[in-house]
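Fold and contact review
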There are 2 protein chains.
Amino acid sequence: MNFNQTHIAAMEKRYRTTFINSLPGYKSLHMLGTINEKGISNLGLFNSIFHVGANPALLGMVFRPEGNDQDSLANIIVNKEYTLNNVLPHYFKQAHQSSARFPSGISEFEPCGFHEFYLDPFKAPFVAQASIKIGLQPRELIDISLNNTKIVIGEIVHVLMEDGIVGNDGYVDHLKAGTVTVAGLDSYFTTEPLGRLPYAKFV
Amino acid sequence: MNFNQTHIAAMEKRYRTTFINSLPGYKSLHMLGTINEKGISNLGLFNSIFHVGANPALLGMVFRPEGNDQDSLANIIVNKEYTLNNVLPHYFKQAHQSSARFPSGISEFEPCGFHEFYLDPFKAPFVAQASIKIGLQPRELIDISLNNTKIVIGEIVHVLMEDGIVGNDGYVDHLKAGTVTVAGLDSYFTTEPLGRLPYAKFV
């Protein structure tokens, strides 16, 4: 089954959104916690988080030009802090609900069943239930003129996790953490290990 | 267990690389196929692919400033074409081997056990064995001055996949495709479905 650029352009809008979002496979899924200048928290669901570098420790993520993403982005720009929180199987439906278009000024935390956790003086709220909580500060904001999205690159300044998740070599065990992954915008998965491989060498 | 910016900066280099790479969870895993101006193919393993938009259909990915990534990036800049190919359980070890530092000018395809597949006149090689093959053209090259990485944003111009993988609504079924995901740089996983949820609405 082959699709080219013309086929993709001719797809019905919702079909294309589903197709392109699910095409590249399993993605890094997080709830983004932010807060506005009035102290109202905001929670959003994101699957576009990517590794940029380990030293300094940098993660990137994409913000759409419309809807919930703009509230979150405005909070990051004002407060210079945000959090990424993993999703576990027992609350993946609540996490999905945080992707609904809540009106600006209404926090998604309480209606979706999540508790805010604060690490004073870091202002952005973590999700208390998450087994891995990452606190970041934005370092670079990139405009993608192709489609008016923006990429925020942030530096990791806090990592909070339950004991026993990090191995002796620094490996974060997402089976122990219970981390869920996503394909497309709405299909959630746990994982089964295939294997961990040694550093690949040219021989 | 809490780590802050100072703890992260003080980590031993290899520990930090493992820790930060595995921290954000499961990632979109692909083999990148390119070709140079002499017709020598190149295959690399990437886990930084992210969704940028559906219309036009755009995917982003990050290139490190050193090593194999630079060969791949040079090929993309010269030829304006590249491919992303999913990894299946029966060849994940071969895919991992393509991340070794092969000398420039030696193709990773044959030594790693992969066959090149060409869709004339598209110049970049697909991985014949992959059940989902994506052909792209670069649209934007972004310099990340923070750590000298580069982001390439490409438009999807070809999608080749086996029959039966795409649903009536456009959903690409990665269970049927057999797509593997990765955590960190070396831990590979298959998935188990938790559930597909309806579009979330604010009520």
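See above for the structure.
Residues numbered from 1 in each chain as written. Chains lettered and ligands numbered in written order. Predicted model: local features only at pLDDT ≥ 70, side-chain atom pairs only at ≥ 80, totals over all residues. Heavy atoms only, no water.

**Considering the pattern of salt bridges**
For the structure shown, the criterion picks out 10 salt bridges over all chains. As a salt-bridge pair, R139 of chain A and E155 of chain A come within 2.9 Å of each other at their nearest N and O atoms. With R139 of chain A in strand β9 (residues 132-144) and E155 of chain A in strand β10 (residues 149-161), this residue pair connects regions lying 16 residues apart in the sequence. With relative accessibility at 13%, the residue E155 of chain A sits in the buried group. Salt bridges here are not isolated pairs; linked through shared partners, they connect D169 and R196 of chain A together with D186 of chain B. (Salt bridge = Lys/Arg side-chain N within 4 Å of Asp/Glu carboxyl O. Helix = DSSP H or I, 4+ residues; strand = E, 2+ residues; numbered from the N terminus. Buried < 20%, exposed > 50% of the residue type's maximum accessible area, 1.4 Å probe, protein only.)

**Overview of the relation of the copies chain B and chain A**
Superposing chain B onto chain A requires a rotation of 180° together with a translation of 0.0 Å along the rotation axis, leaving an RMSD of 0.0 Å. Each copy turns onto its partner about a two-fold axis. Taking C-alpha positions as reference, the residue of chain B nearest the rotation axis is T191 of chain B, located at 2.0 Å. Interface overlap between copies: 100% of the residues of chain B at the interface are likewise at the interface in chain A, consistent with a symmetric, same-surface contact. (Least-squares fit on C-alpha atoms with pLDDT ≥ 70 in both. Contact = heavy atoms within 4.5 Å.)

**What to know about the pairing of strand β7 (residues 116-119) of chain A**
A regular strand carries its side chains on alternate faces of the sheet. All names here are of chain A. In this structure, β7 lies alongside strand β8 (residues 122-127), joined through 3 bridges in antiparallel fashion. Bridged to F117 within β8 is F126. Between β7 and β8, which pair antiparallel one after the other, the connecting turn spans 2 residues. (Pairing = 2+ DSSP bridges.)

**Notes on the sheet that holds strand β11 (residues 181-183) of chain B**
The 4 strands lie next to each other as β11(A)-β12(A)-β12(B)-β11(B), forming an open sheet whose pairing is antiparallel. With one partner strand each, in any of the chains shown, β11 (181-183) of chain A together with β11 of chain B form the two edges of the open sheet. Across the sheet, the axes of successive neighbouring strands diverge by a mean angle of 50°, strand direction being ignored. Direction of pairing for β11 of chain A relative to strand β12 (residues 187-196) of chain A: antiparallel, over a ladder of 3 bridges. Its bridge partner lying in β12 of chain A, T181 of chain A is registered against F189 of chain A. (Axes fitted to C-alpha atoms, helices over the stretch in contact; angles between N-to-C directions.)

**Examining the side chain of N79 of chain B**
Residue and element names in this part refer to chain B. With respect to the element layout, N79 can be found in helix α3 (residues 68-79). At a separation of 2.5 Å, a polar atom in the side chain of N79 contacts the main-chain carbonyl oxygen of I35. Excluding its chain neighbours within four sequence positions, the residues that come into contact with N79 are I35, N36 and K123. (Polar contact = N/O pair within 3.5 Å; in protein donor to acceptor, adjacent residues only side chain to side chain.)

**A few points about the packing of aromatic side chains**
Under the criterion given, the structure shown has 19 aromatic pairs over all chains. Ring plane angle 15° and centroid distance 6.4 Å describe the contact between Y15 of chain A and F19 of chain A, whose orientation is recorded as stacked. Highlighted residues: Y15 of chain A and F19 of chain A, both in helix α2 (residues 13-22), separated by 4 residues, approximately one helical turn. Looking at F19 of chain A, the relative accessible area reads 0%, which means it is buried. Ring geometry for Y26 of chain B versus F189 of chain B: centroids 5.1 Å apart, planes at 80°, classification edge-to-face. (Phe/Tyr/Trp six-rings, centres within 6.5 Å; stacked < 30°, edge-to-face > 60°.)

**A short note on the interface of chain B and chain A**
Where interface size is given, it is often the accessible area lost as the parts come together that is meant. Facing 97 residues of chain B, the contacting portion of chain A comprises 97 residues. A combined buried area of about 8,800 Å² lies between chain B and chain A, and 62% of that area is made up of carbon and sulfur atoms. Area buried by chain B at its contact with chain A is led by Y26, L194 and L197 of chain B, which between them contribute 9% of it. Taken together, the connections running from chain B to chain A amount to 2 salt bridges. The shortest N-O distance in the salt bridge between D186 of chain A and R196 of chain B comes to 3.0 Å. On the surface where chain B and chain A come into contact, there are 48 residue pairs in polar contact (both at pLDDT 80 or more). Each residue belonging to the side of chain B that touches chain A can be placed in one class, and the counts come to 50 nonpolar, 31 polar and 16 charged. Bridge count between strand β1 (residues 2-4) of chain A and strand β10 (residues 149-161) of chain B: 3 bridges; the pairing is antiparallel. (Buried area = accessible area lost by both parts, 1.4 Å probe. Nonpolar A, V, L, I, M, F, W, Y, C, P; charged D, E, K, R; others polar.)

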